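Structural overview for review
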Amino acid sequence: MTTEQPLASSTAGETPDPTDPGEQRTATTRRAGWAALRPLVLRLHFYAGVLIAPFLLVSAVTGLLYAGSFQAEKLVYTHELTVPIGTSELPLSRQVAEAREAHPQGKIAAVRPAPEPGATTRVLLSGVPGVPDDHQLSVFVDPYTGEVRGALDTYGATGALPLRTWLDDLHRDLHLGENGRLYSELAASWLWVVAGGGLALWIGRKRTNRRLRALALPDRAATGRRRSLSWHGAVGIWAAAGLFFLSATGLTWSTYAGANIDELRQSLGQATPTVSTEVAGEHAHHGGSGGMAGMPGMPGTDGKQRGEQGGSAAGDVGVDEVLKAARAKGLSDPVEIVLPADQGTAYIVKQVQRSWPEKQDAIAVDPATGQVTDVKRFADYPVLAKLTRYGIDLHTGTLFGLVNQAALAALALALIFLIVWGYRMWWQRRPTHDRVLSFGRPVARGAWRQIPLPLLLPLVVVAAVVGWAVPLLGISFVAFLVVDLALGQVARRRGAPSSAK
């Protein structure tokens, strides 16, 4: 957020707005290239930095907390997540039965077998009283002894436990629901604009010095505002690529921009493929039912019925056979077995590893025969579907584990620094006679008039397209323009310099 006030040496020749009493400059010709664009970029960067920075700051602080939640989760929930390694595991159906015995309420929605030695099996229950509809109750079972180690509310494909879920909600919507998501989408919508503007201004300022050191390292000899600017620009150079990435990936699952991105992917045939749950033939109306009442080794959905231990209920091969079918198709751990939603639908077994290398293969299994009816391989995903998956997992800190989370934490700290130092420069640029409440003034209005028409018209078209694709960016940008014009009118009427508003 480079909020520098242009000096005479760097802004000489900028064309004024002759109708604005606060912009008494004499240049009369339009300038070309960066010289024409710089005042506009500087003014946009200033206003975006000042007005959007609070949203970015909240997003950075909450993102920093979320980056640490994965490791904190392992420490807080050690009892539920880990067990002493035994000699042999019980059949999966037996583990599910033990979980069902301890927690008979709700419906069994899915099962996640222990992904590695010393880890617990998760039995996921939906419709449990007291658990939100979009969450599930995970029952943790020792795969060696069948002991139920506990039950916790979980959310999402990564199985976030209460601590991480709370921090995730804080980062995403401040615990305000769908309306709260507007804050994070607004921050993501402007982050790339603020970062890109600052990057252009810093490189443009240093263009006469071709040494990389001048761009990437702060000037330790500088003092005052120039020292702050030097640190702000150097940190921004190092963080720019990461900030662009966070902005782009954050928008992919936002409410409005995310919907436009999904629509674009659909139109290009790049949507994420899904496994068909349809079961054809004579078994279509005799397969398992939601919650799998009478499934081998587990009670029914009401917690009262129980299939014979180790046997198969009529019309359902059970989770043990389904897991065998998945292994035969090469689905290695970790996997999740999603039970049929109703009669005539199949089991879904999907890999759920979001770390590198990604494991996202999935199959459908006929509950009556145990035959695989559909297969989807991650290797066959469209390019944009793969990139979206990689981007989201990298953004959330799962793709490269602890290294990924540490990098996200560093980016969050860098963004916090840039925002604080941006406000610091604004404060340092205040008039010297006012040491209390005054802040630095923005760049004078009318910068767009300096841009040649062959360059201005494409910029307007690009701004309109981007504003449509990223609605919160477009709406807030129009709001900035309206307020800026209104302030200019007020300044003219009062005879005060509009650049002071």
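Residue numbering note: each chain is counted from 1, following its sequence as written. Under the rules for a predicted model, residues below a pLDDT of 70 receive no local features and side-chain atom pairs below 80 are neither given nor counted, while totals for whole chains, interfaces and linings still include all residues. With hydrogens and water excluded, all non-hydrogen atoms of the structure serve as input to the side-chain values.

**A closer look at the packing of helix H9 (residues 224-252) against helix H13 (residues 401-428)**
Viewed as axis vectors pointing N to C, H9 and H13 meet at an angle of 145°, and their least axial separation amounts to 8 Å. Note on packing geometry: the crossing formed by H9 with H13 is left-handed. Two secondary-structure elements touch here, H9 through Gly224, Arg225, Ser228, Leu229, Trp231, His232, Val235, Gly236, Ala239, Gly242, Leu243 and Leu246 and H13 through Leu408, Leu411, Ala414, Leu415, Phe417, Leu418, Trp421, Gly422, Arg424, Met425 and Gln428. Angles shown run from 0 to 180 degrees and are taken between the N-to-C directions of axes, each axis being a line fitted to C-alpha atoms and, for helices, limited to the stretch in contact. A run of DSSP states H or I qualifies as a helix once it reaches four residues; a run of E qualifies as a strand once it reaches two. Both are numbered from the N-terminal end. Working rule for handedness: look at the near helix, and if it is turned counterclockwise from the far one by less than a right angle, call the crossing left-handed; if clockwise, right-handed. In what follows, residue pairs with any heavy atoms lying within 4.5 Å of each other are defined as contacts.

**With respect to the nonpolar core**
By convention a nonpolar core is built from buried Ala, Val, Leu, Ile, Met, Phe, Trp, Tyr and Cys residues, the set being connected through side-chain atoms within 4.5 Å. Think of it in three bands: with a 1.4 Å probe and only protein chains considered, a residue is buried below 20% of the maximum accessible area for its type, exposed above 50%, and partly exposed in between. With 32 residues, the main nonpolar core has Ile52, Leu56, Trp190, Leu191, Leu243 and Leu415 as its most contacted residues. Elements that contribute at least two residues to this core include exactly helix H2 (33-67), helix H7 (181-205), H9, H13 and helix H15 (471-494). If sequence neighbours within four positions are ignored, Ile52 has contacts with Tyr47, Leu186, Trp190 and Phe480.

**What about the packing of aromatic side chains?**
Here is the rule: rings of Phe, Tyr and Trp (six-membered ring for Trp) pair when centre to centre is within 6.5 Å. Planes less than 30 degrees apart are stacked, more than 60 are edge-to-face, and the remainder are tilted. Overall, the coordinates contain 10 aromatic pairs when judged by the stated rule. Ring geometry for Trp356 versus Tyr390: centroids 5.6 Å apart, planes at 45°, classification tilted. Here Trp356, found in the loop between strand S6 (347-351) and strand S7 (362-365), pairs with Tyr390, found in helix H12 (residues 383-395); they are 34 residues apart in sequence, far enough to count as distant. Given a relative accessible area of 51%, Trp356 falls into the exposed group. Tyr390 gets classed as partly exposed once you look at its relative accessible area, which sits at 24%. Measuring from ring centre to ring centre gives 5.8 Å for Phe378 and Tyr390, while their planes differ by 85°; the resulting arrangement is edge-to-face. With a gap of 12 residues between them, Phe378 in the loop between strand S8 (372-376) and H12 and Tyr390 in helix H12 connect regions that are remote in the sequence. Joined through ring pairs, the aromatic side chains of Trp356, Phe378, Tyr381, Tyr390 and Phe400 make up one cluster. Lysine and arginine charges are scored as sitting over a ring when NZ or CZ, respectively, is within 6 Å of the ring centre and within 35 degrees of the ring normal. The ring of Phe378 has Lys386 sitting right over it, with the charged end atom 6.0 Å from the ring centre.

**Some points on the sheet that holds S8**
Pairing between strands is defined by DSSP: at least two bridges between them are needed. A sheet is described by the order of its strands in space; here eight strands give the open sequence S4-S3-S2-S1-S5-S6-S7-S8, paired in antiparallel fashion. One side of each edge strand has no neighbouring strand; the edge strands of this open sheet are strand S4 (148-154) and S8. Here the average twist between neighbouring strands, direction ignored, is 20°. Note: strand S2 (residues 121-126) against strand S3 (residues 136-141), five bridges, orientation antiparallel. The residue of S3 that forms the bridge with Thr121 is Val141. On top of the sheet, helix H11 (residues 319-328) reaches strand S5 (335-338), S6, S7 and S8; it is set at about 135° to S5, its chief contact.

**What to know about the side chain of Arg122**
Relative to the helices and strands, Arg122 resides in strand S2. Counting rule applied: Lys, Arg positive; Asp, Glu negative; His and chain ends not counted. When a carboxyl oxygen of Asp or Glu is within 4 Å of a side-chain nitrogen of Lys or Arg, the pair counts as a salt bridge. One buried charge, Arg122, has no salt-bridge partner; the nearest side chain with opposite charge is Glu73, at 5.6 Å. Polar contact criterion, stated in full: a pair of N or O atoms within 3.5 Å, where within protein one must be able to donate a hydrogen and the other to accept it, and residues adjacent in sequence count only if both atoms are side-chain atoms. A distance of 3.0 Å separates a polar atom in the side chain of Arg122 from the backbone oxygen of Gly159. With sequence-adjacent residues up to four places away left out, Arg122 is seen in contact with Leu81, Ala110, Val111, Arg112, Ser138, Val139, Phe140, Thr154, Gly159 and Leu161.

**Side note on the side chain of Ser189**
Topologically, Ser189 is positioned in helix H7. Contact partners of Ser189, with chain neighbours within four places excluded, come to Leu251, Val470, Leu472 and Leu473.

**A word on the pattern of salt bridges**
Taken as a whole, this structure holds 15 salt bridges when the rule is applied. Close ionic contact of Arg181 with Glu178 constitutes a salt bridge, the shortest N to O distance being 3.9 Å. Relative accessible area serves as the criterion here: at 17%, Arg181 is assigned to the buried category. Between Asp333 and Arg327 there is a salt bridge; the shortest N-O distance is 2.7 Å. Given the relative accessible area of 23%, Asp333 is considered partly exposed. Residue class for Arg327 comes out partly exposed when judged on its relative accessible area of 33%. Through salt bridges with shared partners, a single network forms among Arg112, Glu336 and Lys350.

That is the geometry; function is a separate question.
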